[in-house]
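As a plain string of letters, each chain reads:
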Amino acid sequence: QKEVEQNSGPLSVPEGAIASLNCTYSDRGSQSFFWYRQYSGKSPELIMSIYSNGDKEDGRFTAQLNKASQYVSLLIRDSQPSDSATYLCALSGYALNFGKGTSLLVTP
Amino acid sequence: NAGVTQTPKFQVLKTGQSMTLQCAQDMNHNSMYWYRQDPGMGLRLIYYSASEGTTDKGEVPNGYNVSRLNKREFSLRLESAAPSQTSVYFCASSQTGPAAGELFFGEGSRLTVL
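Here's a quick rundown of the structure. (Residues numbered from 1 in each chain as written. Chains lettered and ligands numbered in written order. Predicted model: local features only at pLDDT ≥ 70, side-chain atom pairs only at ≥ 80, totals over all residues. Heavy atoms only, no water.)

## Here we look at the overall build of chain A
Regarding its fold elements, chain A presents zero helices and eleven strands. Mapped from its N terminus to its C terminus, chain A presents α and β elements in the order β-β-β-β-β-β-β-β-β-β-β. Principal axes of the C-alpha set define a box for chain A whose edges measure 40 × 30 × 20 Å. Buried residues in chain A amount to 45% of all 108 residues. Within chain A, contacts between residues separated by at least 24 positions form 54% of all contacts whose residues are at least 6 apart in sequence. Counting 9 positive and 10 negative side-chain charges, chain A places the centres of these two groups 5 Å from one another. (Helix = DSSP H or I, 4+ residues; strand = E, 2+ residues; numbered from the N terminus. Buried < 20%, exposed > 50% of the residue type's maximum accessible area, 1.4 Å probe, protein only. Contact = heavy atoms within 4.5 Å. Lys, Arg positive; Asp, Glu negative; His and termini not counted. Charge placed at Lys NZ, Arg CZ, Asp CG, Glu CD.)

## Let's talk about the pattern of salt bridges
Between side chains of opposite charge, a pair can form as their charged atoms come close. What the rule picks out here adds up to seven salt bridges over all chains. As a salt-bridge pair, D83 of chain A and R60 of chain A come within 2.9 Å of each other at their nearest N and O atoms. Placement of D83 of chain A in the loop between β8 (71-76) and β9 (85-91) and of R60 of chain A in the loop between β6 (54-58) and β7 (61-66) is noted, with a sequence separation of 23 residues between them. Among the residues examined, R60 of chain A registers a relative accessible area of 27% and is labelled partly exposed. Look at the salt bridges and you will find they share partners, linking R36, D38 and R44 of chain B into a network. (Salt bridge = Lys/Arg side-chain N within 4 Å of Asp/Glu carboxyl O.)

## Let's talk about the layout of surface pockets
In this structure, the largest pocket spans a volume of roughly 380 Å³. Elements that contribute at least two residues to the lining of the largest pocket include exactly β9 of chain A together with β4 (31-38) and β9 (87-94) of chain B. Here the lining of the largest pocket is composed, by residue class, of seven nonpolar, nine polar and four charged. (1 Å grid on protein atoms, 1.4 Å probe; cavity = no way out; pocket = protein on both sides within 12 Å on 5 of 7 lines; lining within 4 Å. Points joined across faces, edges and corners; volume = space filled by probe spheres on them. Nonpolar A, V, L, I, M, F, W, Y, C, P; charged D, E, K, R; others polar.)

## Brief notes about the interface of chain B and chain A
Each partner contributes to the interface: chain B provides 21 residues, whereas chain A provides 18 residues. Buried area between chain B and chain A, both sides added, is near 1400 Å², and the carbon and sulfur share of it is 57%. The three residues of chain B that bury the most area against chain A are L43, G101 and F105 of chain B, which together make up 29% of that side's buried surface. Counting across the interface, chain B meets chain A through zero salt bridges. Run the count over chain B and chain A and you get six residue pairs in polar contact (both at pLDDT 80 or more). Looking at the side of chain B that touches chain A, the elements that each hand over two or more residues are β4 and β5 (42-49) of chain B. Of the residues forming the side of chain B that touches chain A, the biggest block, four residues, is contributed by β5 of chain B. Tallied by class, the residues present in the side of chain B that touches chain A amount to ten nonpolar, six polar and five charged. (Buried area = accessible area lost by both parts, 1.4 Å probe. Polar contact = N/O pair within 3.5 Å; in protein donor to acceptor, adjacent residues only side chain to side chain.)

## What about the state of the cysteines?
Residues and elements named next belong to chain A. Under the definition given, this model contains two disulfides over all chains. The side chain of C23 participates in a disulfide bridge whose partner is C89; the two sulfur atoms lie 2.1 Å from each other. In this structure the cystine formed by C23 and C89 twists about its S-S bond by roughly -70 degrees; its chirality is therefore left-handed. Remark: C89 occurs in strand β9 and C23 occurs in strand β3 (residues 19-25); sequence separation between them is 66 residues. (Disulfide = S-S within 2.5 Å.)

## Overview of the sheet that holds strand β3 (residues 19-25) of chain B
Residue and element names in this part refer to chain B. As summarised here, the arrangement of the four strands in space is β1-β3-β8-β7, forming an open sheet in which the pairing is antiparallel. Either end of the sheet is taken by a strand with one partner, and the two such strands are β1 (4-7) and β7 (64-68). Mean inter-strand twist for the sheet, computed between neighbouring axes without regard to direction, equals 15 degrees. (Pairing = 2+ DSSP bridges. Axes fitted to C-alpha atoms, helices over the stretch in contact; angles between N-to-C directions.)

## With respect to the side chain of R44 of chain B
Relative to the helices and strands, R44 of chain B is located in strand β5. A polar side-chain atom of R44 of chain B sits 2.8 Å from a polar atom in the side chain of D38 of chain B.

## Some details on the nonpolar core
Across soluble globular proteins, nonpolar side chains have a tendency to be buried as a group. Counting residues in hydrophobic clusters, the biggest one holds 23 residues, and the most contacted among them are W35, V72, L74, I76 and Y87 of chain A. Within the residue set of this core, elements represented by two or more residues are β3, β4 (33-38), β5 (45-50), β7, β8, β9 and β11 (102-107) of chain A. Apart from the residues within four sequence positions on either side, L74 of chain A is in contact with A19, S20, L21, W35, I47, M48, F61, T62, A63 and Y87 of chain A. If you look at the next biggest cluster of nonpolar residues, it comprises 20 residues, including V60, Y89, C91 and L111 of chain B. (Core = buried A, V, L, I, M, F, W, Y, C linked by side-chain atoms within 4.5 Å.)

What follows is the structure, given as structure tokens:
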């Protein structure tokens, strides 16, 4: 079983700040990494995927991957209260293997 | 575009009863999955089906059976429900190949076993 570790939080940031979410993994052979967002009582939805080392930007979101150090992170710039959710890190295998998620709270 | 549809959305069972969770997708995806989500445990894979006619066990398959009825439908059956199976169940689907990690989830089925 591929281990995916996330700090459960909650991570609290003020509105407008940068939220930084981190994830480490144990399998050096993992090739594909994903961030899902899950609002309370809802199903997860994909927000970012990253496959190679470095940064990938999409709007206010930036995913960062460092395969040598086995971590992947998600930065949310100009955080909004609507970003308050649980963020799940996942990596590919025969099926996606999810971390337990980090709860983010953006306070007005 | 319905995406992934799960039924029922809510169900209460007594210990020992059986039931089937239904899942259908209209995105022509080859792969389908059943996950369960419990507080503090994250999403755990129960079973998956890489293509029509194939099914494989995931991390927590005990107490469950699945059927890939056709390309669209993937059902999850609890033969004799136990309180430990109280959970939220999510069905998901994806393409194969490089997009295999881009899962589309149903709305979830909330099951309580008394």
